[in-house]
Amino acid sequence: MVLDKKVHISNEFIRSINLVDDQDNAEILESFVLTHSSEKALRNLVSHCSTKKQSSFTWTGPYGSGKSVLALYLNYLSNPKSKYHERELSKIHSTDLELKSFLKTKRTLIPIVGSASSIIDSLAKNIGCEASVESILNKLKVISNRKTETIIVIDEMGKFLEYALQNKDFDIYIFQQIAEIANRSSGKLIFIGILHQSFQEYARHLTKSARDEWSKIQGRYIDMSINAVGEEQIQLISRAIISELKPKRITKETKLVTKTIARNKPVEADNLNLILNNCWPLHPIVAGLLGPISRKRFGQNQRSIFSFLSSAESFGFQHFINRNTISSKTIYSPVQLWNYLEVNFENAIIASPDSALWNLASESISRASVTFNSEIHINALKIISLINIF
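In this text the structure is predicted, and so the values were computed from the model without any measurement.

Student: So what's going on with the packing of aromatic side chains? Residues and values would help.
Tutor: Applying the stated rule across the entire model yields 10 aromatic pairs. For the pair Phe-308 and Tyr-332, a centre-to-centre distance of 5.6 Å together with 70° between the ring planes defines the contact as edge-to-face. Of the two residues, Phe-308 sits in helix 17 (residues 305-310) while Tyr-332 sits in the loop between helix 18 (317-323) and helix 19 (334-350), which places them 24 residues apart along the sequence. Both residues of the pair, Phe-308 and Tyr-332, belong to the buried class. Taken together, the aromatic side chains of Phe-308, Phe-320, Tyr-332, Tyr-340 and Phe-345 make up a single cluster linked through ring pairs. Above the ring of Phe-102, the side-chain terminus of Arg-107 is found at 3.6 Å from the ring centroid.

Next up, the structure:
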């Protein structure tokens, strides 16, 4: 029997979140786990809002890092009368009374999803005013003076920024004006823009004066990184892979990888053993490397962990489970991960900051194939190279 009959990726991780369409989808949040970086972002947001001087923010992180689902989570927490409010509130580990108090206050959340168009049209439609800068700013001032506090969240705000870049007549100053109104609202209007990269990254091909202008606009926002790291990422992988065939006992490979990691950083060994083991059929080295690799940017290819798990690219995870049987007892090895990167992303990696290390590794592997003509030597070099580069 082929592995894909008994191994699949949870729908929770395959589907993308639409902040507007999924507002009332309680099923998404039922299995939602609040990561450390997401909880930290909420704490920082509340801390800044409590000063009454800062209410505009950007949440920045790679694809698949949980930014959109965090916004959905905030939507549920903004309605204390929701039957799910207490369940979601209990996911917060912090004992910060200010945070808990903030999240028990009723707020109106206005969700917007970015598109390849003007922010003016979309924002006007969602807040109920004419599609002009003046009308939008006046409406936002009215909203900021209402008794009930309001949160405006724009997911995929980068698409509005890209539109602004492509249309030279568009005045990006509106992003600064929105932030300034929110910042002067004493916390009555909170504005959150969700991005895959910083303002400066979008403007990196502009002239210095234009980049400085974009940098000044970003300065009006507090940027918060949303990205699970370390053990959190491994735990997400273990939850994403569904299979009744996962080993019940901790494997030798898992114990060895955990022991090696523990030499270099403080970890809870028993917990790391468990979650690495639950990443089967990924080799524990692969499970540990997918997070660091997902934070790399190869040209325009910033791959999330879950795009790797769900795509059918050569030497990828789906390619593996579709071509290996259960009886073979084969696991997805670091060698296959090297092959996956080499076949699908080598050109992009060569153009990235990791090019020197990659080229050195590739040259060493080529020499080994000629000198030793031994699969063991070649595979060992591929594994060492992966660990060294990523």
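Student: Before we move on, can you summarise the pairing of strand 4 (residues 149-155) with the specific residues and values?
Tutor: Of all seven residues that make up strand 4, seven are buried, and the element is covered over most of its length. Here strand 4 shows no split at all, with Glu-149, Ile-151, Val-153 and Asp-155 on one side and Thr-150, Ile-152 and Ile-154 on the other all buried. Two elements, strand 3 (residues 107-113) and strand 4, share seven bridges in a ladder whose sense is parallel. Counted as the bridge partner of Leu-109 is Ile-151 from strand 4.

Student: Break down the pairing of strand 2 (residues 56-60) for me, with residues and values.
Tutor: Each regular strand carries side chains that alternate between the two faces of the sheet. Judged by how many residues are buried, strand 2 sits mostly within the fold: five of five residues are covered. Alternating positions in strand 2 separate into two faces, Ser-56, Thr-58 and Thr-60 on one and Phe-57 and Trp-59 on the other, with burial throughout. Note: strand 2 against strand 5 (residues 189-195), five bridges, orientation parallel. By the bridge assignment, Ser-56 is partnered in strand 5 with Phe-191. Pairing geometry for strand 2 and strand 6 (residues 222-225), over four bridges, is parallel. Within strand 6, the residue paired with Thr-60 across the bridge is Ser-225.

Student: Which residues make up the packing of helix 7 (residues 119-127) against helix 10 (residues 173-183), and what values go with them?
Tutor: Put simply, helix 7 and helix 10 touch, their axes get as near as 11 Å, and they point 35° apart. Counted together, Ile-119, Ile-120 and Leu-123 of helix 7 and Ile-174, Phe-175 and Ile-178 of helix 10 form the full contact between these two elements. Its residues assigned to classes, the contact of helix 7 with helix 10 comprises six nonpolar, no polar and no charged.

Student: Describe the packing of helix 19 against helix 20 (residues 355-371), listing the residues and the values that go with them.
Tutor: Running from N to C, helix 19 and helix 20 point in directions that differ by 135°, and their axes come no closer than 11 Å. Compared by their axis directions, helix 19 and helix 20 come out oblique. Pair helix 19 / helix 20 crosses with left-handed handedness. Residues Trp-338, Leu-341, Glu-342, Glu-346, Ile-349 and Ile-350 of helix 19 pack against Ser-355, Trp-358, Asn-359, Ala-361, Ser-362 and Ile-365 of helix 20. Within the contact of helix 19 with helix 20, the residues separate by chemical class into seven nonpolar, three polar and two charged.

Student: How would you explain the nonpolar core if you had to name every residue and give the values?
Tutor: For soluble globular proteins, the rule of thumb is that nonpolar side chains tend to be buried together. By size, the foremost hydrophobic cluster in this structure holds 43 residues, and its most contacted members are Leu-282, Phe-308, Leu-309, Phe-317, Leu-337 and Leu-341. Not counting the four nearest positions on each side in its chain, Leu-337 is found in contact with Val-286, Leu-289, Leu-290, Ile-293, Phe-308, Tyr-332 and Leu-386.

Student: For unusual backbone geometry, give the residues involved together with the corresponding values.
Tutor: Of the consecutive residues Trp-280 and Pro-281, the connecting peptide bond is found in the cis state with omega at 10°. Looking at the secondary structure, you find Pro-281 in the loop between helix 15 (269-277) and helix 16 (284-294). A positive phi angle is found at Ser-186, which is not glycine, with a value near 55°. Along the polypeptide, Ser-186 turns up in the loop between helix 10 and strand 5. A residue is classified by how much of its surface remains accessible, and Ser-186, at 37% relative accessible area, is partly exposed.

Student: Any details on the side chain of Ser-118? Residues and values, ideally.
Tutor: Relative to the assigned elements, Ser-118 resides in the loop between strand 3 and helix 7. By relative accessible area, which is 8% here, Ser-118 ends up buried. Excluding its chain neighbours within four sequence positions, the residues that come into contact with Ser-118 are Phe-160, Tyr-163 and Phe-170.

Student: Please give an account of helix 3 (residues 36-49) that cites residues and values.
Tutor: Taking 1.5 Å per residue, 14 residues should reach 20 Å; helix 3 reaches 20 Å between its end C-alpha atoms and fits that length. Burial in helix 3 covers these residues: Ser-37, Ser-38, Glu-39, Ala-41, Leu-42, Leu-45, Val-46 and Cys-49. Residues of helix 3 that are buried make contact with strand 2, helix 4 (67-77), helix 6 (97-102), strand 5, strand 6 and helix 13 (231-240).

Student: Now, about the sheet that holds strand 3: what can you tell me, with residues and values included?
Tutor: As summarised here, the arrangement of the five strands in space is 3-4-5-2-6, forming an open sheet in which the pairing is parallel. Single-partner strands in this sheet number two, and they are strand 3 and strand 6. The average angle at which neighbouring strand axes cross in this sheet is 20°, direction not considered. Direction of pairing for strand 4 relative to strand 5: parallel, over a ladder of five bridges. Note that in strand 5 the partner of Ile-151 across the bridge is Ile-190. Of the strands in this sheet, strand 2, strand 5 and strand 6 are in contact with helix 3, which crosses strand 6 at around 160°. Those strands touched by helix 4 are strand 2, strand 3, strand 4 and strand 5, and its axis lies near 135° from that of strand 2.

Analysis parameters
- Residues numbered from 1 in each chain as written.
- Predicted model: local features only at pLDDT ≥ 70, side-chain atom pairs only at ≥ 80, totals over all residues.
- Heavy atoms only, no water.
- Phe/Tyr/Trp six-rings, centres within 6.5 Å; stacked < 30°, edge-to-face > 60°.
- Helix = DSSP H or I, 4+ residues; strand = E, 2+ residues; numbered from the N terminus.
- Buried < 20%, exposed > 50% of the residue type's maximum accessible area, 1.4 Å probe, protein only.
- Lys NZ or Arg CZ within 6 Å of the ring centre and 35° of its normal.
- Pairing = 2+ DSSP bridges.
- Axes fitted to C-alpha atoms, helices over the stretch in contact; angles between N-to-C directions.
- Contact = heavy atoms within 4.5 Å.
- Nonpolar A, V, L, I, M, F, W, Y, C, P; charged D, E, K, R; others polar.
- Parallel < 35°, antiparallel > 145°, perpendicular 65-115°, else oblique.
- Left-handed = near helix turned anticlockwise from the far one by under 90°.
- Core = buried A, V, L, I, M, F, W, Y, C linked by side-chain atoms within 4.5 Å.
- Expected span 1.5 Å × (residues − 1).

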